[in-house]
Amino acid sequence: MFASSQKDRPPGEMFVWFTSMGLAVGLLMIVGLLGFIVWNGVAVFWPKPVAEIRLKDGAPLFRGSASVMGVITKQQPIDVRNLTPEQLAHPDPLVRMEKQLFVGNRNTYGASYVYFNAGDIDSVQYPEGVLNIERMEWGNALVYPIALELKDGTRIEASDPAFPGRFSEIMVEVNKRRAAITKIEKGRIGKINHRMRNLQLDERYLERNKTLSPAQQADLEETRERIRQLQAAYEPLAAEALKMRERQNDHHLLFRLATGEERRQAMGDFVHHFWPNQMNTLHKIGQFLHHAKEFLVAYPREANTEGGIFPSLFGTVVMTLLMSLAVTPFGVLAAIYLREYAKQGPFVRAVRIAVNNLAGVPSIVFGIFGLGFFVYFMGGNIDRIFFPRNVELGVPTFGTGGVLWASLTLALMTVPVVIVSTEEALAAVSRGVRQGALACGASKWQTIQTLVLPASAPGILTGLILAMARGAGEVAPLILVGVVALAPSLPVDSIFPFIHLERKFMHLGFHIYDLGFQSPDSEAAMPMVFATTLVLILLVVVLNLGAILIRNHLKRKYMASAF
Amino acid sequence: MIMTAPMPEPTAKAETRDRVANPLPGRVEYNATKAIPDPSLRMDYIRVSNFNFFYDQTAQVLFDLNMDIPERQVTAFIGPSGCGKSTLLRNINRMNDLIDGVRHEGDILINGHSIYDPYLEVISLRKRIGMVFQKSNPFPKSIYENVIYSLRVAGRKKKSELDDTVERSLRGAALWGEVKDRLHDSAFSLSGGQMQRLCIARAIANRPEILLMDEPCSALDPIATGKIEELIHELKASYTIVIVTHNMQQAARVSDRTAFFYLGRLVEYDETQKVFMNPSNPQTEAYVSGRFG
Ligand SMILES: Nc1ncnc2c1ncn2[C@@H]1O[C@H](COP(=O)(O)OP(=O)(O)O)[C@@H](O)[C@H]1O
Ligand SMILES: [Mg+2]
């Protein structure tokens, strides 16, 4: 078969290989990137054993100790510039490697990660008694527990078989109490604060007047009285919260670090604990799931570097849904006009080209437009009309970035996608059906409304899916129109009117940027970056899957209408 | 409503008929006065008068047509492909208006009133004229919703009226027995023949006076075709039916009168019996005997 001469081969056959190679490279890149993110993102939650490392005699000590404990996170070659001539000449390549160790205990050690020369390590052990404690502040602690000191003065030694059980019980107790405190502070006190802020603005507004008319004077008096009432309502709540907070310090844990320091810390500082070197696979899976769940539902702590990402996840979902709500009618109406009503000609063609090119405008441009048009112009005018008091006091309501303006900005950015796919869907509705409807005495609008639009719904949804995929992952424009690294409250909560479109919000994409590039210890934030990225990708996938399911349902419903 | 206008005087009719434009040399002439000999005919339900039609400024498709289509009879349009049968049919309910750049001369009158009367709403015209298309075009809705579509768009909501209409129309389209237990299934669950009968049911749901059918059986198997022909036979008691067909036997079977078109002109228009047995024009004779077309 190789005997057949070159010229028998159909011309251009080579290019089939090129095309398949192009596809293969593309696929490889996608699978590689996704695999990398999924692997690293999932690994964050997997409990890893804690090693106790003994350093060789003569090696530089760590805080005066030859023993150090931590999770070995990676091993990498040392930067050549940092190598001594002896190390360079050494026959054992291990000498030129370094190990990164997550030592935790940031309050004592100053940093979470420490590097050791692999050549300096004498032995690595995994002692059973290590306890990994997640704390409200200062990150995790990796400790040898010594004893529990209870409020009533009893002391339970770590060697006591009752110790782990008692420890867990107290953890459940403090976590419950913490939830109760949050409920008071975020819920009832939050509501009071909200009203208080409003009244204080009223007060300030009235106080600005040099001379007060009697009516204004009465107003001011009444406002002050209401502030006093709120204050009175606030105090018992605050006292209750304070009392509960104090009770968080009832019990203490006495522990020792591998480097020798002994410490005593209130149990109320702890969030979660596990025994990393005593876990079987089942325990590990349980721990993994717990950790992953907490990541999704918990609020962030310590400038976002610890805790969960719930507000960002929630903000992203709310913004994406609002965007979809805005972009769909807008895009569909525009497409209906362009395709069904406008006289096809050079003008419509030009409009279509313009719309298509809108999709290629850099997103930051939309951000700037959103800031100028939505925030300053629309928001500013809304404020002037509806919130003159706040404008006067220099406290903008809608005249500053918020979830509504962010959604509208992204809607504007993604509307070309919806217009294009809607137009395609409209064009695909058969002439037979349209003529049938007209012959039945339907008007053009009735035909569109009763037949053309329902039959185009799958196509419209396809456009929406593309729009959502683009919108949910967009960060640059959002920075200008309402995203913040840490929002005090969610855009939807229990305070009237429940949906607060003017509020600033958190977003997964911005969260990633903030963690990776704005946090003081970017090394420590790395795992969070991966996990957050994974969540963002999964969110986009879930939103898309939802839309695809709806689309397939509609497709089945209007099955044969496509031809 | 124009449809219920009083019957025009016979003399006025004759006058109109005589005003046939001067025929071009060699052109086949049709004299409508002779064409409808039946004295029992109450009125010329549809009258096509000096009708020319252009798809754009230059492409003339119909040339100077004159014909009277009697009510409650089946009139068949035959002729080779592209001769303008569909174009004429689609002018009767002004479906051709949807195409950009079309133009017409002359007039089409229904019951003596021009369908191009500027005071006449196209929609109300179409409500009085049912149309069945060559390719069955059920809507992506349930059988029930398909049938009552014309009532829905007319804003009628009364459940009993809708139910009655569905039953009457489906019975009228000889489909009731086959679908009465699954009225709320998708129309796409029907067979090809059933779909076409559904389209007929939909076309008669609003009780139109006229039913236009453009090759309604061309995509159907012989059994389905047989059913629809039977149906046409029954429907003619209540509707004025105009049917375009490619199938000579079908025209012979179902129609009372037959119009033969050739290259956009009306060559012969007479009782079906006569057109097929004893055509007066050699071209007609050639076509119906299958020698061309
Ligand atoms: N939408 C249209 N635009 C331009 N020309 C058309 C259009 N529809 C039909 N025609 C032309 O008009 C002529 C008559 O068509 P038609 O009425 O469909 O013929 P028939 O139904 O007798 O086969 C044909 O030459 C056809 O090419
Ligand atoms: Mg035709």
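Residues numbered from 1 in each chain as written. Chains lettered and ligands numbered in written order. Predicted model: local features only at pLDDT ≥ 70, side-chain atom pairs only at ≥ 80, totals over all residues. Heavy atoms only, no water.

Engineer: How would you sum up the overall build of chain B? Please name residues and give values.
Structural biologist: Assigned secondary structure in chain B consists of 13 helices and 10 strands. Residues counted as buried form 55% of the 293 residues belonging to chain B. When contacts within chain B are restricted to residue pairs at least 6 apart in sequence, those whose partners lie at least 24 apart make up 69%. Looking at chain B as shown, the accessible area adds up to about 12800 Å², and 51% of this sits on carbon and sulfur atoms. (Helix = DSSP H or I, 4+ residues; strand = E, 2+ residues; numbered from the N terminus. Buried < 20%, exposed > 50% of the residue type's maximum accessible area, 1.4 Å probe, protein only. Contact = heavy atoms within 4.5 Å. Areas by Shrake-Rupley, 256 points an atom, 1.4 Å probe, with all protein chains shown as cover.)

Engineer: Can you lay out the packing of aromatic side chains for me, pointing to particular residues and giving the numbers?
Structural biologist: Remark: the centre distance and the inter-plane angle together describe each pair of aromatic rings, the angle taken between the planes. Per the stated rule, a full pass over the model turns up 28 aromatic pairs over all chains. Ring centres 5.4 Å apart and planes at 15° place the aromatic pair A:Phe369 and A:Phe373 in the stacked group. Of this pair, A:Phe369 and A:Phe373 both sit in helix α9 (residues 363–386), 4 residues apart, which is roughly one turn of that helix. Ring geometry for B:Phe260 against B:Tyr287: centres 4.9 Å apart, planes inclined by 25°, an arrangement best described as stacked. Linking B:Phe260 in strand β9 (residues 257–262) with B:Tyr287 in helix α13 (residues 282–288), this pair joins segments that are 27 residues apart in sequence. Accessibility assignment for this pair places B:Phe260 and B:Tyr287 in one class, buried. Of the aromatic side chains, those joined through ring pairs into one cluster are A:Phe369, A:Phe373, A:Phe374, A:Phe377, A:Phe387, A:Phe398 and A:Trp405. A:Lys444 extends its terminal NZ or CZ atom over the ring of A:Tyr341, reaching a point 5.4 Å from the ring centre. A cation over an aromatic ring shows up here: B:Arg103 above the ring of B:Phe54, its NZ or CZ 3.9 Å from the ring centre. (Phe/Tyr/Trp six-rings, centres within 6.5 Å; stacked < 30°, edge-to-face > 60°. Lys NZ or Arg CZ within 6 Å of the ring centre and 35° of its normal.)

Engineer: Pulling in residues and values, what's your account of the environment of B:Gly106?
Structural biologist: Residues and elements named next belong to chain B. With respect to the helices and strands, the residue Gly106 is situated in strand β4 (residues 103–110). Gly106 sits in the partly exposed class, given a relative accessible area of 38%. Considered as a pair, Gly106 and Pro138 are 32 residues apart in the sequence and their alpha carbons are 34 Å apart. Leaving out residues up to four positions away in the same chain, Gly106 has contacts with Ser49, Asn50 and Phe51.

Engineer: Please set out the side chain of B:Asn96 residue by residue, giving values where relevant.
Structural biologist: Residue and element names in this part refer to chain B. Counting through the fold element by element, Asn96 comes out in the loop between α3 (85–92) and β4. Classification of Asn96 as buried rests on a relative accessible area of 0%. At a separation of 3.1 Å, a polar atom in the side chain of Asn96 contacts the main-chain carbonyl oxygen of Thr87. Not counting the four nearest positions on each side in its chain, Asn96 is found in contact with Phe53, Tyr55, Thr87, Arg90, Asn91 and Val102. (Polar contact = N/O pair within 3.5 Å; in protein donor to acceptor, adjacent residues only side chain to side chain.)

Engineer: Describe the site of ligand 1, listing the residues and the values that go with them.
Structural biologist: Residue and element names in this part refer to chain B. The immediate surroundings of ligand 1 are formed by Tyr55, Val61, Ser81, Gly82, Cys83, Gly84, Lys85, Ser86, Thr87 and Ile99. The side chain of Tyr55 places a nitrogen or oxygen atom 3.3 Å from a nitrogen atom of ligand 1. For ligand 1, an oxygen atom lies 3.1 Å from a polar atom in the backbone of Gly84. For ligand 1, whose unbound accessible area comes to 550 Å², protein coverage reaches 58%. Examining the composition of the shell around ligand 1, we find that 3 residues originate from one element, α3, more than from any other. (Near = heavy atom within 4 Å.)

Engineer: Before we move on, can you summarise the interface of chain B and chain A with the specific residues and values?
Structural biologist: Residue-level contacts link 21 residues of chain B with 20 residues of chain A. Here chain B meets chain A over a buried area of about 1800 Å², counting both sides, of which 67% is carbon and sulfur. Taken together, the links from chain B to chain A amount to 0 salt bridges. Linking chain B to chain A there are 5 residue pairs in polar contact (both at pLDDT 80 or more). Looking at the side of chain B that touches chain A, the elements that each hand over two or more residues are α4 (122–127), β6 (129–132) and α6 (149–153) of chain B. Looking at the side of chain B that touches chain A, its residues break down into 12 nonpolar, 3 polar and 6 charged. (Buried area = accessible area lost by both parts, 1.4 Å probe. Salt bridge = Lys/Arg side-chain N within 4 Å of Asp/Glu carboxyl O. Nonpolar A, V, L, I, M, F, W, Y, C, P; charged D, E, K, R; others polar.)

Purely spatial values, then, with no claim about function.
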